[in-house]
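# Understanding the architecture of this molecule
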Amino acid sequence: MNTIGKHSFQIELSKNPVEAHLREELLENPLFGRVFTDHMVTIRYSGTRGWHDAKVSPRGPFSLDPSTLVLHYAQEIFEGMKAYRLPNGGATLFRPEANARRFGNSAERLAMPPLPEALFVESVRQLVRVDRDWIPSTQGSALYIRPFMIATEAVLGMKPSAEYLYCVVATPVGAYFKGNASALTVWSSDDYTRAAPGGTGAAKCGGNYAASLAALAQAAREGCDQVVFLDAAERRWIEELGGMNVFFIFDDGSIQTPPLTGTILPGITRASLITLARDIGITVFEQPYDIDQWQADAKSGRLVEAFACGTAAVVTPIGTVKGRKHNFSIGNGSGGPITERLKTALLNIQNGRAPDHYGWLDLIF
Ligand code: PLP
């Protein structure tokens, strides 16, 4: 038993965990999201009992009635975060309270009950402690953690569910982007937008991702790794990639990233990089940037680097932009020194190789 507020986690350990030698093999070269740890966390919610029945148990399938609300109306939210192995063998989370806050904001937008932030953070710590042997220690790898919440009331009705299931699973991960390319090629989508004012762009809900899959498939057909979405109103302002925020770096050394206007996800990597960049004396603008201007600046040499960032992709250079009306390379097409500097600064903190001046680490053991 482990208690947080009035909640106690009941712990049931798996009777047949993955054998140690097999686990070690899987950790050698982890495939993103295909191999999972032995356990999961679940917490239930009902209108009458509130949050209850917090458990760490062997990972396994759910049984859902075919009329369960989430299967029809997609009342679902999730988070993505990582546990990092430290040089001393311990492990840390990175700003988990920020994920907890964002999860609460997503819940509010999707008319779901907020999970207390302390309970969110403790649920993640519990899973990482139980599955501590699953945190890889090779360079660039980590344990990716996926907390999520689904509407579980069995009723076909357009209304917020009266019952919910919160769950946390984890998967050891290496690099998000495979292949030898050192930079992304992105497709500027004319046909599809990701989010509109008043919509759910700032929430991390499954529906946003389902709606972006057709654009991603189009990007793949065009030989691109990712989509860069433009704003829905003018189809002009760069918003973000399907699962990453975006930064632009200019020849005067300044950096720009689209502002948080409610249509893009407020990335925790984005916020951390803004802090790191300002602290090393880089000027950061949170201002809209026009796709035509991006092309003109890349061609004139005013724009020297661009990168995408997020928990999964960390910091990944954008080398080439394609689209019906756009086709250009950035710098030498393979990243640059400021991107590299920011990436290293962030990774060094996350992996415990640099001092944690900001109090971003949450040491688990
Ligand atoms: N934008 C979108 C749409 C995302 O899905 C993500 C990933 O979670 C991000 C940005 C980056 O957010 P974070 O840095 O918190 O991982």
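Residues numbered from 1 in each chain as written. Predicted model: local features only at pLDDT ≥ 70, side-chain atom pairs only at ≥ 80, totals over all residues. Heavy atoms only, no water.

### As for the overall build of the chain
When helices and strands are counted, the chain shows 8 helices and 19 strands. Scaling as 2.2 N^0.38, a compact globule of 365 residues should have a C-alpha radius of gyration of about 21 Å, and the chain matches this with 21 Å. Counting only C-alpha atoms and orienting by the principal axes, one finds that the chain spans roughly 60 × 50 × 35 Å. Once local pairs closer than 6 in sequence are excluded, the contacts in the chain between residues at least 24 apart make up 71%. (Helix = DSSP H or I, 4+ residues; strand = E, 2+ residues; numbered from the N terminus. Rg over C-alpha atoms; globule rule 2.2 N^0.38 Å. Contact = heavy atoms within 4.5 Å.)

### A few points about the environment of glycine 199
Mapped onto the elements, glycine 199 comes out in the loop between β10 (184-188) and α5 (206-221). Sequence separation of glycine 199 and threonine 263 is 64 residues, and the distance between their C-alpha atoms is 7.1 Å.

### Description of a nonpolar patch on the surface
A grouping of Phe62, Leu64 and Leu71 is seen on the molecular surface, where their side chains present a nonpolar patch of about 250 Å² in accessible area. Note on placement: leucine 71 falls in helix α2 (residues 70-73). (Patch = residues over 30% accessible without salt bridge, like charges linked within 9 Å, V, L, I, M, F, W, Y side chains within 5 Å. Areas by Shrake-Rupley, 256 points an atom, 1.4 Å probe, with all protein chains shown as cover. Salt bridge = Lys/Arg side-chain N within 4 Å of Asp/Glu carboxyl O.)

### Some remarks on the layout of surface pockets
The volume enclosed by the second largest pocket comes to roughly 690 Å³. Around the second largest pocket, the lining comprises 37 residues; the ones closest to its centre are Arg146, Tyr176, Lys204, Tyr209 and Gly243. Per-element accounting of the lining of the second largest pocket gives the leading share, 4 residues, to α5. Its residues placed into classes, the lining of the second largest pocket shows 18 nonpolar, 12 polar and 7 charged. (1 Å grid on protein atoms, 1.4 Å probe; cavity = no way out; pocket = protein on both sides within 12 Å on 5 of 7 lines; lining within 4 Å. Points joined across faces, edges and corners; volume = space filled by probe spheres on them. Nonpolar A, V, L, I, M, F, W, Y, C, P; charged D, E, K, R; others polar.)

### A closer look at the domain arrangement of the chain
According to the domain assignment, the chain contains domain 1 (2-174) and domain 2 (184-350). A separation of 28 Å is found between the C-alpha centroids of domain 1 and domain 2. Facing 20 residues of domain 1, the contacting portion of domain 2 comprises 20 residues. Both sides of the domain 1 and domain 2 interface together cover about 1600 Å² of buried area, and 62% of this is carbon and sulfur. (Domains from an automatic or database assignment. Buried area = accessible area lost by both parts, 1.4 Å probe.)

### What about the state of the cysteines?
Structurally, a disulfide amounts to a covalent bond that connects the sulfur atoms of two cysteines. If you walk through the whole model with that rule in mind, you get 0 disulfides. As a non-bridged cysteine, cysteine 205 has cysteine 167 as the owner of its nearest cysteine sulfur, 18 Å distant. Since its relative accessible area comes to 5%, cysteine 205 is described here as buried. In this structure cysteine 224 is not part of a disulfide, and its nearest cysteine sulfur, from cysteine 309, lies 19 Å away. (Disulfide = S-S within 2.5 Å. Buried < 20%, exposed > 50% of the residue type's maximum accessible area, 1.4 Å probe, protein only.)

### Thoughts on empty space enclosed by the protein
Under the defined criterion, the tally for this structure stands at 1 cavity of 30 Å³ or more. Of the voids in this model, the largest cavity is the one considered here, and its volume is about 110 Å³. Broken down by element, the lining of the largest cavity gets its largest block of residues, 3 residues, from strand β6 (residues 81-85). Split by residue class, the lining of the largest cavity holds 6 nonpolar, 5 polar and 1 charged. For the lining of the largest cavity, the two domains that each supply at least three residues are domain 1 (2-174) and domain 2 (184-350).

### Concerning the site of the ligand
The environment of the ligand is made up of 16 residues, and the closest members are Lys204, Tyr209, Glu240, Thr269 and Thr311. Separating an oxygen atom of the ligand from a side-chain N or O atom of arginine 102 is a distance of 2.8 Å. In this structure, glutamate 240 approaches the ligand through a side-chain N or O atom, which is 2.5 Å from a nitrogen atom. For the ligand, the protein covers 96% of the area, taking 380 Å² as the surface of the free molecule. The cavity that encloses the ligand is the second largest pocket. Contributing elements (two or more residues each) for the shell around the ligand: α6 (268-279) and β16 (303-310). (Near = heavy atom within 4 Å. Polar contact = N/O pair within 3.5 Å; in protein donor to acceptor, adjacent residues only side chain to side chain. Sits in = over half its atoms within 2 Å of the grid points.)

### What about the nonpolar core?
Residues Ile43, Phe120, Val124, Ile145, Met149 and Tyr166 are the most contacted members of the largest nonpolar core, which totals 49 residues. A total of 7 residues in this core trace back to one element, the largest contributor, which is strand β9 (residues 163-173). Structurally, this core is a two-domain feature, drawing no fewer than three residues from each of domain 1 (2-174) and domain 2 (184-350). Those residues in contact with phenylalanine 120 that sit more than four places away from it in its chain are Glu79, Met81, Pro96, Asn99, Ala100, Phe103, Leu115, Pro147 and Tyr166. Grouped together as the second largest cluster of nonpolar side chains are 23 residues, Ile255, Ile268, Ile282 and Val284 included. (Core = buried A, V, L, I, M, F, W, Y, C linked by side-chain atoms within 4.5 Å.)

### A look at the packing of helix α3 (residues 96-109) against helix α4 (residues 117-130)
Axis separation between α3 and α4 bottoms out at 9 Å; the angle between their running directions is 125°. Taken together, the axes of α3 and α4 lie oblique to each other. Crossing angle aside, the handedness with which α3 passes α4 is right-handed. Contacts between α3 and α4 involve Pro96, Glu97, Asn99, Ala100, Arg101 and Phe103 from the former and Glu117, Phe120 and Val121 from the latter. Partitioned by chemical class, the residues of the contact of α3 with α4 number 5 nonpolar, 1 polar and 3 charged. (Axes fitted to C-alpha atoms, helices over the stretch in contact; angles between N-to-C directions. Parallel < 35°, antiparallel > 145°, perpendicular 65-115°, else oblique. Left-handed = near helix turned anticlockwise from the far one by under 90°.)

### Brief notes about the packing of aromatic side chains
For the coordinates displayed, the defined rule picks out 15 aromatic pairs. Here phenylalanine 103 and phenylalanine 120 contribute two aromatic rings whose centre-to-centre distance is 5.3 Å and whose plane-to-plane angle is 45°, an arrangement assigned as tilted. Placement of phenylalanine 103 in helix α3 and of phenylalanine 120 in helix α4 is noted, with a sequence separation of 17 residues between them. Note on phenylalanine 120: relative accessible area 0%, which makes it buried. Measuring from ring centre to ring centre gives 4.6 Å for phenylalanine 248 and tyrosine 289, while their planes differ by 55°; the resulting arrangement is tilted. Pair noted here: phenylalanine 248 is in strand β13 (residues 245-250) and tyrosine 289 is in the loop between β15 (284-286) and α7 (291-300), with a separation of 41 residues, a long-range link. By relative accessible area, tyrosine 289 is classed as buried at 4%. Three or more aromatic residues joined by ring pairs make a cluster, and in this case those are Phe248, Phe250, Tyr289, Trp294 and Phe328. Seen from the ring of tyrosine 209, arginine 194 lies directly overhead, with NZ or CZ sitting 5.8 Å from the centre. (Phe/Tyr/Trp six-rings, centres within 6.5 Å; stacked < 30°, edge-to-face > 60°. Lys NZ or Arg CZ within 6 Å of the ring centre and 35° of its normal.)

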